[in-house]
Amino acid sequence: MSRHRGAIGWGALAAACVFLLVAPFLFRPYGVFILATWAVMTIAAIGLNLTLGYAGQISLAQAAFVGIGSYITAYLTTRGWPFWPTYVLGGVSCFAVGWLLGYPALRVQHHYLAFVTLAFNTVIYLVFRNEEWLTGGIYGITNVPRPSVLGFSVAKPIPFYYFCLAHLALVSAATWWLLRSPWGRAFIALRENPIRALSLGVDTRRYTLIAFALGAGLGGISGTLYAPLVQFIDPTPFALGLSLNLLLMVVVGGSGYFFGPFLGAVVAVLLPEWTRFAQNYYLMGYAVLVMLLMVFCPSGLFGFADRLLSASTTRSPAEDGTPAQEAAR
Amino acid sequence: MLADILQLFVAGLATGAIYALVAIGFTLLWQTSQTINFAQGEFVMLPAFFVLIAMGFFKLPFWAAVLAGGAVSVLLLGYLFKKLMVDPMIRHGVLPLVIATIGLAILMKESVREFYGADAWPFPPLAAATNVTVFGVSFAVQSLVVLVISIAAVAALQLFLNGTRTGRCMQATAQNPTVARLLGIPVERMILYTFLINAALVVLASILITPIYLAKFTNGELLGLYAFIAAIIGGFNQIRGAIAGGLLLGVVDNFTAVYISSQYRMAVPLVFLIVIILFRPQGLLGRVEERTV
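Right, let's talk about the overall build of chain A for a bit. What chain A contains, in helices and strands, is 15 helices and two strands. Against the 2.2 N^0.38 benchmark of 20 Å for 329 residues, chain A shows a C-alpha radius of gyration of 20 Å, consistent with a compact globule. For chain A, the spread of C-alpha atoms along the three principal axes comes to 60 × 50 × 40 Å. Across the 329 residues of chain A, 48% fall into the buried class. The long-range share in chain A, meaning contacts at least 24 apart out of those at least 6 apart in sequence, stands at 77%.

Shown next as C-alpha cells:
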C-alpha cells in the first residue's frame, strides 16, 4: 500500500518538476512572471509551514518578514550594493527579528500569539508607510535592479524565473534536510505535545524560538527575491492581507505536509491568474473552499489526497497517525 | 484647551462604546463555545448593507428596513453561522475555526463588493449632525446618541444576564459547561442564545457606526481588529473587561490622533496590545484561564 502511494507521489513530483522546467517556453512573459511570483511566495509559505505546520506556532506576521527582506534589498541595491550581501542581510535580519518575536510565543499560545503577530505585522506596515526617509513612504522604492550570478545577468524574465526556481529548490532541499535532522523531530515533538517533549529533554524554549526565527528568515529570503522580481516596492503588498493569505496557503495545501505550501501557493497565486475572467468569483470560491476544507478535512488538500489514497487501497486505521488529525488539535 | 479635551474624550467614548459592543459579542462567543471569530468586523459591516438593500430594493422606510435587515442578520450571522460553521468544526479545535472564519470574512467582503459595489454608500444617521453646547463645551449630538444607546444596550444585556433565569443559565454555561449540563441546563440552547446575542450586538454596532464611516465593504477590517484589541486589553473572559477595553481604546485612539501622531494612530493600540499580552495576558480585568494540557 505504501509503495503504491509512494509511486503516485514520486510520479506527481517528477511531473511537477518537468513542468516547472519547461514552463517558461509555454507562457508569455506575464505568465512567467506569475510563475516566478509563485516560487517566491512558496518560499515564504515553506517558512510559515515550519513555524505553523511543524512547530505548531501560529504566526500572522509572515508578510512583515517578506516586507523587511524586500525593503532591505530594495533600499541597498538601489544605492549601489550588489545583490548577494543584501540577500544574506535580509535573511539574517529577519531571522533575528523572528527570534525576538518568538519570545511572546514562549508566554502565550494559540489565539493570543495570533494577535501578537498580527499586531506586529500592522506596526511594521505602518513603519513602511510612514518612514519616508527610509522606505519612500507610499511612493515606495522604484527601479530595483535585478542581480547577476557569476557574471551572468538574470535581468530578463526567463533567466530570473530560473533564478527564483533555483532558490526554491535550494530552500526545499535545506528544509527537507532540516526536517529529517534532530531539529525537525524536535519541532514535531513541540507541536504534538510540548510538555512531553520538555520532559523528554527537548529544550522547548530554544526550539520554539528557532522555529519562529527560521520561518521568519525564509520569509526574509522570499522578500529579497520579491523586490528584484517586481522591481517596485511599496507598503501595500505587505499588509495583513498577505499574512492571512500565506496562512491560508499553508493550511489549504496541508499544514505539516512538506509539499503543502507548494500546492497552497498554486491555489492562491496561480489559479486566480488563470481564472481571471472570474476575478471576484474566484476569491469567493476560494473562501468557500477554505471553509469546506476546515469542516471536512482540516489537514488541507494533501490531507484530503492522503485520505483518498488510503481509503482506495485499504481501510486501515492509518488515518489515526496522519499529521491531519494531529495538526487539527 | 480643557474644552477640546472634553470634546475629544466624549467623541472617543462614543466610538469606544461601539468597539465595546462588538468586543462583548466576541467575548461571549469565546466564553460559551471557544469560538474566535475573525469575521467579527465583517459581521458589523454586513447588516448595514442589508438595511440599505431593504430601503433600496424593497422601498421600506428606515425603521422598517432596520428591523428587516436586523432580522436577516440575526438569522444569518447568529443562527446559520452557528449551525453551519461552528457546530461541525468545533471538534477540530480552535485553529481550524479561526482559519474558517478568516475564509468567511473574505467571502463576506467579496460578496458585498461583487453584488453591491465597491463604493462608500451614505447611511441614514440616527441623529442630525448638529452640536449641543453644555457648560460652554459643544458636543456632537451623534456622539451623545451613540453613547446613550450603547449604554442602554449594555445595561439591558447585564440585566438579562444577571436578572433572568435564562441569563444565569447562560453564565453557568460559560463558566463550566459540564457542571451546567449536570444541573439540567440546556447547554446547547444557551450557546445558541449567545450567538443570537452576538448577532444582535453587531447589528446595533453596524447601525451606530455606519453613518460615521459610510457603508463600505472594507469597513470590517479595522473594526474587527479594534474589537479583538478591546477584548484582549480588557480581558477575554469578562464582559466588563470588553467594555473597559473598548472605551479605553476609543479614548486612547482619539487622543493619539490629535496629540501624538495621526500617522501612527493605529500603532498605539497595537503596541498597547503587545505589552498587555506579554505582561498581563489575562487582560486588565480578566481572570487567569486554566486550560488543561
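This brings us to helix H8 (residues 187-213) of chain B. Residue and element names in this part refer to chain B. Between its terminal C-alpha atoms H8 stretches 38 Å, which fits the 39 Å expected from 27 residues at 1.5 Å a residue. In the structure, H8 departs most strongly from a straight axis at Ile 207, where the bend amounts to approximately 30 degrees and where the proline Pro 211 lies between one and four residues downstream. Judged by how many residues are buried, H8 sits mostly within the fold: 20 of 27 residues are covered. Where H8 ends, the next residue or the one after it, Leu 214, has phi of about 70 degrees, a positive value.

Moving on, we get to the interface of chain B and chain A. With 35 residues of chain B at the interface, the matching set in chain A holds 32 residues. Among the elements of the structure, helix H3 (62-89), helix H4 (94-115), helix H9 (219-234) and helix H11 (267-279) of chain B are those that each provide at least two residues to the side of chain B that touches chain A. Here the side of chain B that touches chain A gets 15 residues from one element, more than from any other, and that element is H4 of chain B. In the side of chain B that touches chain A, the residues fall into 27 nonpolar, five polar and three charged.

All names here are of chain A. Mapped onto the secondary structure, Gly 256 falls in the loop between helix H11 (240-253) and helix H12 (260-274). With 26 C-beta atoms counted inside 10 Å, the residue Gly 256 sits in the buried group. Considering only alpha carbons, one finds Gly 256 and Leu 13, 243 residues apart in sequence, at a separation of 18 Å.

What follows covers the packing of helix H5 (residues 141-163) of chain B against helix H6 (residues 165-175) of chain B. All names here are of chain B. Packing of H5 against H6 brings their axes to within 5 Å, and their N-to-C directions diverge by 80 degrees. Considering their axes alone, H5 and H6 lie roughly perpendicular with respect to each other. Across from Phe 160, Leu 161, Asn 162 and Gly 163 in H5, the residues of H6 making contact are Gly 167, Met 170 and Gln 171. Residues of the contact of H5 with H6, tallied by class, amount to three nonpolar, four polar and no charged.

Quick look at the confidence of the model for chain B now. Looking at chain B, the pLDDT average stands at 88 and 98% of residues meet or exceed 70. With a pTM of 0.86, the predicted complex shows an ipTM of 0.84.

With 195 residues, the main nonpolar core has Cys 164 of chain A together with Val 22 and Ala 230 of chain B as its most contacted residues. Ignoring any residue separated from it by four or fewer positions in sequence, one finds Val 22 of chain B in contact with Gln 40, Val 44, Leu 201, Val 202, Ala 205, Leu 223 and Ala 227 of chain B.

What follows concerns the pairing of strand E1 (residues 131-134) of chain B. Residues and elements named next belong to chain B. Relative to strand E2 (residues 137-140), E1 runs antiparallel, the two being bridged by four bridges. Its bridge partner being in E2, Thr 133 is matched across the sheet by Ser 138. Linking two consecutive strands that pair antiparallel, namely E1 and E2, is a turn of two residues; a positive phi of about 50 degrees is found at Phe 135 within it.

Residue and element names in this part refer to chain B. Where H3 meets H8, the axes come as close as 8 Å, and the angle between the chain directions of the two elements is 140 degrees. On the basis of their axis angle, the class for H3 and H8 is oblique. You can see that H3 and H8 cross each other, and the crossing is right-handed. Together, Val 66, Gly 70, Ser 73, Val 74, Leu 77, Gly 78, Tyr 79, Phe 81 and Lys 82 of H3 and Leu 192, Phe 195, Leu 196, Asn 198, Ala 199, Ala 200, Val 202, Val 203 and Ile 207 of H8 make up the contact between the two elements. Classifying every residue of the contact of H3 with H8 gives 13 nonpolar, four polar and one charged.

Moving on: H11 of chain B. Its 13 residues place the ends of H11 of chain B 18 Å apart at the C-alpha level, agreeing with the 18 Å of an ideal helix rising 1.5 Å per residue. Listed as buried for H11 of chain B are Ala 267, Pro 269, Leu 270, Leu 273, Ile 276 and Ile 277 of chain B.

Definitions and cut-offs
The numbers attached to residues start from 1 for each chain and follow its sequence in the written order. Going through the entries in the order they are written, you letter the chains from A and number the ligands from 1. Residues qualify for local features only when their pLDDT is at least 70, as the model is predicted, and side-chain atom pairs are given and counted only at 80 or more; totals for whole chains, interfaces and linings, by contrast, use all residues. A run of H or I in DSSP becomes a helix once it reaches four residues, and a run of E becomes a strand once it reaches two; helices and strands are each numbered from the N terminus. Note on method: radius of gyration uses C-alpha positions; expected globular size equals 2.2 Å times residues raised to 0.38. Partly exposed residues are those whose C-beta has more than 12 but fewer than 20 other C-beta atoms within 10 Å; with 20 or more the residue is buried, with 12 or fewer it is exposed, and the C-beta atoms are placed from the backbone. Once C-beta atoms have been placed from the backbone, residue pairs whose C-beta atoms lie within 7 Å are recorded as contacts. One less than the residue count of a helix, multiplied by 1.5 Å, gives the span that helix is expected to have. We define the bend at each residue as the angle formed by axes fitted to the 7 residues ending at it and the 7 residues starting at it. Classification convention: Asp, Glu, Lys, Arg as charged; Ala, Val, Leu, Ile, Met, Phe, Trp, Tyr, Cys, Pro as nonpolar; all other residues, Gly among them, as polar. Axis definition: a line fit to C-alpha positions, over the contact stretch in the case of helices; interaxial angles, taken between N-to-C directions, run 0 to 180 degrees. Any angle that is under 35 degrees is reported as roughly parallel, and any over 145 degrees as roughly antiparallel; angles of 65 to 115 degrees are reported as roughly perpendicular and all others as oblique. Scored from 0 to 100, pLDDT records how confident the predictor is in each individual residue. The term nonpolar core refers to a set of buried Ala, Val, Leu, Ile, Met, Phe, Trp, Tyr and Cys residues connected through C-beta atoms within 7 Å. Pairing between strands is defined by DSSP: at least two bridges between the two strands are required. Working rule for handedness: look at the near helix, and if it is turned counterclockwise from the far one by less than a right angle, call the crossing left-handed; if clockwise, right-handed.

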